[in-house]
Amino acid sequence: MNKVIVMLRKAPYGSVYTAEAFRTIMGIAVFEMEICVIFMDDGVYALLKDQNPEKLDMKPLGDGFPMLKDFNVSKFVVHDESLSERGLTTDDLVLEVELANSNQIKDLMNDYGKVLPF
Amino acid sequence: MKIGVMILEGPYQHQAVDSAYLFIKAAIARGHEIAGIFLYTDGVNNINKFINPPGERNISKRLSELGESGIDIVACTACSKFRGMRPDLAVEHVRQSGLGSLAEFLRAADRFLTFGD
């Protein structure tokens, strides 16, 4: 099985990257790809509960991530420092995630070999 | 080694596509093979055949030449629709297709590089 990390590092709104990362995950998951999704820096905001971006003409992105289990995507990793720096905890997030420090994320990147950064 | 490439930014605003082009030329010169180039988000604008920069590098022509040399260059169909990049606006030796091509390039490649902002 092919393995790839999709890494989200940007804020969910204000640019298209998070929405496209989400679309990429769905788009390649159907081709027998083992996917690990990592949220770092402002990327952690993508998982916040109760997003309400309608006034920006954007659809809420957070609600989509729990759905990815239906596409056999179930490995979600959040960079612990990025979360705590923003005053957030896992209780603020829409789904259960694994917390990882920078070294553990480095190991994941080594293990998966290929990374799609958004 | 087989190398896959994804480009996320359009022409001239960001360096991404230029870096990708120079990287690919250097990789080929070193004997590596390119598994494919996937143009995603604004990257689909890099193959507009009407790009015409007076006295400067022509990005779409450069990509077309890479395509002519046998590299599979795919622009995301959905991203192209969002940006009005109709297939008849594209240079020769490139094609439009979906994320399946990205999956295919990922599978074929030993290493995969993304050029973005």
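Use the structure listed above.
K.L.:
How would you summarise the overall build of chain B if you had to cite specific residues and measurements?
P.N.:
Looking only at helices and strands, one finds 4 helices and 5 strands in chain B. In sequence order, the secondary structure elements of chain B are arranged as β-α-β-α-β-α-β-α-β. Taking the principal axes of its C-alpha atoms as reference, chain B extends roughly 35 × 30 × 25 Å. When burial is assessed residue by residue, chain B has 48% of its 117 residues classed as buried. Within chain B, contacts between residues separated by at least 24 positions form 74% of all contacts whose residues are at least 6 apart in sequence.

K.L.:
I'd love a proper account of helix 1 (residues 17-29) of chain A, names of residues and values included.
P.N.:
Taking 1.5 Å of rise per residue, the 13 residues of helix 1 of chain A would be expected to cover 18 Å, and the 18 Å separating its terminal C-alpha atoms lies within 8% of that figure. For helix 1 of chain A, the complete set of buried residues consists of Y17(A), T18(A), A21(A), F22(A), T24(A), I25(A), G27(A), I28(A) and A29(A). Those residues of helix 1 of chain A that are buried are in contact with strand 1 (2-8), strand 2 (33-39), helix 2 (64-67) and strand 5 (115-117) of chain A together with helix 4 (99-108) of chain B.

K.L.:
Tell me about the pairing of strand 3 (residues 73-76) of chain B, and name the residues and values.
P.N.:
Residue and element names in this part refer to chain B. Burial of the side chains of strand 3 extends over both faces: I73 and A75 are buried on one face and V74 and C76 on the other. Pairing of strand 2 (residues 33-39) with strand 3 involves 3 bridges; the strand directions are parallel. Directly across from L39, in strand 3, lies its bridge partner A75. After leaving strand 2, the chain enters helix 2 (residues 59-68) and then returns to the sheet as strand 3, a path that is right-handed. By the bridge criterion, 3 bridges tie strand 3 to strand 4 (residues 95-97) in an arrangement that is parallel. Opposite V74, over in strand 4, you have R95 as the bridge partner. For the segment spanning strand 3, helix 3 (residues 77-82) and strand 4, crossover handedness is right-handed.

K.L.:
Could you give me a rundown of the interface of chain A and chain B, with the residues and numbers involved?
P.N.:
Note: interface size is frequently given as the accessible area lost on complex formation between the parts. Contacts between chain A and chain B engage 12 residues on the former and 13 residues on the latter. For the side of chain A that touches chain B, the secondary structure elements donating two or more residues are strand 1, helix 1 and strand 5 of chain A. Here the side of chain A that touches chain B takes 4 residues from helix 1 of chain A, the largest share from any one element. For the side of chain A that touches chain B, the per-class residue count stands at 7 nonpolar, 3 polar and 2 charged.

K.L.:
Help me get a handle on the nonpolar core, residues and values and all.
P.N.:
Counting residues in hydrophobic clusters, the biggest one holds 70 residues, and the most contacted among them are V6(A), I25(A), I35(A), V5(B), I7(B), L39(B) and A75(B). Not counting residues within four places of it along the chain, the set of residues in contact with V6(A) comprises A21(A), T24(A), I25(A), I35(A), V37(A), L116(A) and F118(A).

Calculation criteria
- Residues numbered from 1 in each chain as written.
- Chains lettered and ligands numbered in written order.
- Predicted model: local features only at pLDDT ≥ 70, side-chain atom pairs only at ≥ 80, totals over all residues.
- Helix = DSSP H or I, 4+ residues; strand = E, 2+ residues; numbered from the N terminus.
- Buried ≥ 20, exposed ≤ 12 C-beta atoms within 10 Å, placed from the backbone.
- Contact = placed C-beta atoms within 7 Å.
- Expected span 1.5 Å × (residues − 1).
- Pairing = 2+ DSSP bridges.
- Right-handed = clockwise from strand over helix to strand, strands pointing away.
- Nonpolar A, V, L, I, M, F, W, Y, C, P; charged D, E, K, R; others polar.
- Core = buried A, V, L, I, M, F, W, Y, C linked by C-beta atoms within 7 Å.

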